[in-house]
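Below, each chain spelled out in residue letters.
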Amino acid sequence: MNIQAAIGELSSFLGERLTCSKSELASHGNSETYFPPTPPDAVAYPETTEEVAGIVRICAEHRCPVVGWGTGTSLEGQAQAFQGGVSVDFSRMNRILEVAQADMHARVQPGVTREALNEDLRATGLFFPVDPGANASLGGMAATRASGTTAVRYGTMRDNVMGLEVVTPKGDVIRTGSAARKSAAGYDLTALFVGAEGTLGLITELTLRLQGTPEAITSAVCAFERVEHAVNCVIDTIQMGIPMARIELVDTQTVHAVNAYAGMDLPAKPHLLLEFHGSEAGAAEQAESFGAVAEDHGGSGFDWAIRAEDRKALWAMRHNAYHAIVASRPGCRALVTDICVPISRLAEAVESCRADLARHRIHGPILGHVGDGNFHAILLFDPEDEEEKARVLEASNRLVELALSLGGTSTGEHGIGVGKLGYMAREHGAAWSVMGAIKTALDPACIMNPGKLVPPRN
Ligand SMILES: Cc1cc2nc3c(=O)[nH]c(=O)nc-3n(C[C@H](O)[C@H](O)[C@H](O)COP(=O)(O)OP(=O)(O)OC[C@H]3O[C@@H](n4cnc5c(N)ncnc54)[C@H](O)[C@@H]3O)c2cc1C
């Protein structure tokens, strides 16, 4: 490995768009959660696919690590260069290349953010549904197989990426998928690169499935006396097939945090936050059906919001919940758990999680995309307090064990990076070695985001 030789060549290739400035390195070495800062050796700002291919070819020649960077919001250290090397920042590849209204898809560069795409689509009557809350890049969202509040209705990035352009670890440019709605032509390489966290190549273009903007959108909040009442209401709602567009849980601790952070005045109880999409009559009918289920579970204060600004405020509050929780204990760091279980086991999972956190004196407000069986406990700890940090890590381990024992997964949406690497063998068994074999076949020198997702090489 000769990182400095690669940087020398990259500097001639990209000029000022290759930087080693301290502030740029620092901002590309941080993560939203608890991993220590690890600046890369350089940051590259490509503007075209050809430049990305050139960067990868130079790095391959010198066996220099290459780590993609979208907006850096991933939560498991995915975008950090733990082994040094070059961070490839896609913020200058931010063009929307085509909106095919008749076929309901868009071709975009990877640095386009989901909010920028939806802003651009506003006049078309179409929208891109995947919403992880953070204004993440579409390249980063594909690389982490992101989902979020609307996955219960519209699916995750796995369901919404139709095709990709990828620069392989050798620096070749390949295309996967097509603009057709389905295909039976060979291995599904699109699915392979979606969720690969940049370990198999860099995404330089995405073809994304769009949805028609619903005629009517209604949001609602509903309070419950106990978390299990809210969770059982979710289970019944999903099992009855009410087509929820969003169904999110916030527990009482989360409500305290968002009330303090966003000046809200929600009652100090667990809540479900909801959204219904459809025709005027359809959305009203869904809301009524949900209301009846909620009543059976003691739901109260079922409050509808039809005005766009009220809906916006509600979801802004939900999306800021993570920051509200972190702000509730100044100076703390957060470990965000992300287990996902079959819907029938959700109540058991949430209750066991709450009991475990209480038993081990851990402050961990719970919120999440419960309609998918996915929820997060935001485990706060003092980074200077090794004992507390260890306690939080142990709680996270127990929670993953619980999810696996219930037939679920260690991560519903945040991905593996380095934070969840330790669970891969347990979750996948021999299938993890198959992932390692795919990595070795495509990236024998292991330059693409090394140290993440697959088994370490000996
Ligand atoms: C407050 C908050 C709430 C969140 N809520 C959710 C949620 O509800 N659902 C959810 O899924 N996630 C959530 N996340 C996590 C995060 O937003 C997602 O993981 C998102 O997909 C990351 O996108 P990014 O552009 O920030 O990618 P980055 O963090 O920059 O990168 C993520 C990974 O993708 C790789 N990568 C980036 N660009 C490319 C590319 N062009 N080609 C190949 N690899 C690339 C990076 O190397 C890295 O491995 C949340 C994060 C925060 C801070």
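Since this is a predicted model, take the numbers as computed values, not measurements.

Enquirer: Help me understand the site of the ligand in this model?
Expert: Around the ligand, the structure places 37 residues, and the nearest of them are Gly-68, Thr-71, Ser-74, Pro-132 and Ser-137. The side chain of Thr-71 places a nitrogen or oxygen atom 2.7 Å from an oxygen atom of the ligand. For the ligand, an oxygen atom lies 2.7 Å from a polar atom in the side chain of Thr-73. Contributing elements (two or more residues each) for the shell around the ligand: strand S3 (66-69), helix H5 (138-144), strand S10 (202-209) and helix H13 (321-327). For the shell around the ligand, the leading source of residues is H5, giving five residues. Considered class by class, the residues forming the shell around the ligand number 15 nonpolar, 19 polar and three charged.

Enquirer: Even after reading the chapter, I still don't get the sheet that holds strand S1 (residues 18-19), so can you show me in this structure?
Expert: Where strands meet in a sheet, backbone hydrogen bonds hold them as pairs that are either parallel or antiparallel. The mixed open sheet is built from four strands, whose spatial order is S1-S2-S4-S3. Unpaired on one side and paired on the other, S1 and S3 mark the two borders of the sheet. Examined bridge by bridge, strand S2 (residues 42-44) and strand S4 (residues 86-89) share three bridges and lie parallel to one another. Among the inter-strand pairings, Ala-44 is bridged to a residue of S4, identified as Val-88.

Enquirer: Teacher, can you tell me more about helix H14 (residues 346-359) here?
Expert: Spacing of three or four residues puts side chains on the same side of an α-helix, whose turn is 3.6 residues. Taking 1.5 Å per residue, 14 residues should reach 20 Å; H14 reaches 20 Å between its end C-alpha atoms and fits that length. Next to the buried residues of H14 lie helix H9 (227-239), strand S17 (366-368), strand S18 (376-381) and helix H15 (386-405). Count one or two residues on from H14 and you reach Arg-361, which has phi positive near 55°.

Enquirer: I tried to follow the pattern of salt bridges on my own but got confused; where do I start?
Expert: Oppositely charged side chains may form a pair once their charged atoms are brought near each other. Under the counting rule described, the total for this entry stands at 25 salt bridges. A salt bridge links Arg-107 to Glu-205, with the shortest nitrogen-to-oxygen separation between them at 3.0 Å. Note that Arg-107 is positioned in strand S6 (residues 105-108) and Glu-205 in strand S10, a separation of 98 residues in sequence. Take Arg-107: its relative accessible area is 26%, and that puts it in the partly exposed class. In this structure, the salt-bridge partner of Arg-398 is Asp-356, at a minimum N-O distance of 2.8 Å. With a gap of 42 residues between them, Arg-398 in helix H15 and Asp-356 in helix H14 connect regions that are remote in the sequence. Several salt bridges converge on common partners, so that one network encompasses Glu-98, Arg-107, Glu-165, Arg-175 and Glu-205.

Enquirer: Sorry if this is basic, but what is going on with unusual backbone geometry here?
Expert: A negative phi angle characterises most non-glycine residues, just as the trans form characterises most peptide bonds. The phi torsion at Met-104 lies on the positive side, around 55°, for a residue other than glycine. Structurally, Met-104 can be placed in the loop between strand S5 (96-100) and S6. Met-104 sits in the partly exposed class, given a relative accessible area of 29%.

Definitions and cut-offs
- Residues numbered from 1 in each chain as written.
- Predicted model: local features only at pLDDT ≥ 70, side-chain atom pairs only at ≥ 80, totals over all residues.
- Heavy atoms only, no water.
- Near = heavy atom within 4 Å.
- Polar contact = N/O pair within 3.5 Å; in protein donor to acceptor, adjacent residues only side chain to side chain.
- Helix = DSSP H or I, 4+ residues; strand = E, 2+ residues; numbered from the N terminus.
- Nonpolar A, V, L, I, M, F, W, Y, C, P; charged D, E, K, R; others polar.
- Pairing = 2+ DSSP bridges.
- Expected span 1.5 Å × (residues − 1).
- Contact = heavy atoms within 4.5 Å.
- Salt bridge = Lys/Arg side-chain N within 4 Å of Asp/Glu carboxyl O.
- Buried < 20%, exposed > 50% of the residue type's maximum accessible area, 1.4 Å probe, protein only.

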